[in-house]
Amino acid sequence: MVTRSDYCPRRAARVQGGEGIVHIKDLTDQEGLYGHGKMFSHIVVNPGCSIGYHDHQHETEFYYILRGEAVFNDDGTEVPVHPGDICATGFGQHHALENRGKEPVELIALIVTE
């Protein structure tokens, strides 16, 4: 199966109570994840914006940082992240991501379910 980029839904939203608007391009839907996940998206977090602090029960969310630098809140501990870094949160843990820099942060987000 091939999905052309032009057919991927795009949306702008405030995510999990974070600051500002985050731009999301859904790369597939739940059907496209064959029952093993609920999100696979390309996300852009502009300077001053964030994905709010939230938890994951019975699922794990991964962020793969493509571009820019951000601060990842890893269950209460702030960790700087850079291109190539992978962040994972699951099993009732919490996380958030904030762009404190001057350039957009781009990442791939994937949520897999138990």
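Look a little higher up for the structure.
Residues numbered from 1 in each chain as written. Predicted model: local features only at pLDDT ≥ 70, side-chain atom pairs only at ≥ 80, totals over all residues. Heavy atoms only, no water.

1. Overview of the sheet that holds strand β6 (residues 70–74)
Moving on, step 1. The strand order across the open sheet formed by four strands is β4-β9-β6-β7, and the pairing between neighbours is antiparallel. With partners counted over all chains shown, the strands left at the sheet margins are β4 (50–55) and β7 (77–81), one partner each. Taken over all neighbouring pairs, the strand axes of this sheet differ in orientation by 15 degrees on average, direction set aside.
Moving on, step 2. Taken together, the four bridges between β6 and strand β9 (residues 94–98) define a ladder with antiparallel strand orientation. Bridge assignment links Asn73 to a residue of β9, and that residue is Ala96. (Pairing = 2+ DSSP bridges. Helix = DSSP H or I, 4+ residues; strand = E, 2+ residues; numbered from the N terminus. Axes fitted to C-alpha atoms, helices over the stretch in contact; angles between N-to-C directions.)

2. A few points about the packing of aromatic side chains
Moving on, step 1. Inspection of every chain in the model, using the stated rule, returns one aromatic pair.
Moving on, step 2. Seen from their ring centres, Tyr63 and Phe72 are 6.0 Å apart, and the 80 degrees between their planes marks the pair as edge-to-face.
Moving on, step 3. Residue Phe72 is classed as buried on the basis of its relative accessible area of 4%. (Phe/Tyr/Trp six-rings, centres within 6.5 Å; stacked < 30°, edge-to-face > 60°. Buried < 20%, exposed > 50% of the residue type's maximum accessible area, 1.4 Å probe, protein only.)

3. Some words on the environment of Arg67
Moving on, step 1. Note that Arg67 resides in strand β5 (residues 59–67).
Moving on, step 2. Taking the C-alpha atoms as reference points, Arg67 and Val105, separated by 38 residues in sequence, lie 5.4 Å from one another.
Moving on, step 3. Those residues in contact with Arg67 that sit more than four places away from it in its chain are Pro83, Glu103, Pro104, Val105 and Glu106.
Moving on, step 4. Side chain to side chain, Arg67 and Glu106 meet in a polar contact 2.7 Å long. (Contact = heavy atoms within 4.5 Å. Polar contact = N/O pair within 3.5 Å; in protein donor to acceptor, adjacent residues only side chain to side chain.)

4. Considering the side chain of Ser50
Moving on, step 1. Structurally, Ser50 is set in strand β4.
Moving on, step 2. Residue Ser50 is classed as buried on the basis of its relative accessible area, which comes to 9%.
Moving on, step 3. Within polar-contact distance, the side chain of Ser50 engages the backbone nitrogen of Glu19 at 2.8 Å.
Moving on, step 4. Ignoring any residue separated from it by four or fewer positions in sequence, one finds Ser50 in contact with Val15, Gly18, Glu19, Val22, Val45, Leu97 and Glu98.

5. Side note on the pattern of salt bridges
Moving on, step 1. Taken as a whole, this structure holds five salt bridges when the rule is applied.
Moving on, step 2. For Asp26, the salt bridge identified is with Arg11, shortest N-O distance 3.0 Å. Of this pair, Asp26 sits in strand β2 (residues 22–28) while Arg11 sits in strand β1 (residues 10–13), placing them 15 residues apart in sequence.
Moving on, step 3. The exposure class of Arg11 is partly exposed, given its relative accessible area of 40%.
Moving on, step 4. Of the charged contacts in the structure, one is a salt bridge between Arg100 and Glu98, with a shortest N-O distance of 3.2 Å.
Moving on, step 5. On the accessibility criterion, Arg100 (47% relative accessible area) is partly exposed.
Moving on, step 6. In this structure Glu98 comes out as partly exposed when scored by relative accessible area, which is 33%.
Moving on, step 7. In the salt-bridge network here, residues are joined through shared partners; they are Glu78, Glu98 and Arg100. (Salt bridge = Lys/Arg side-chain N within 4 Å of Asp/Glu carboxyl O.)

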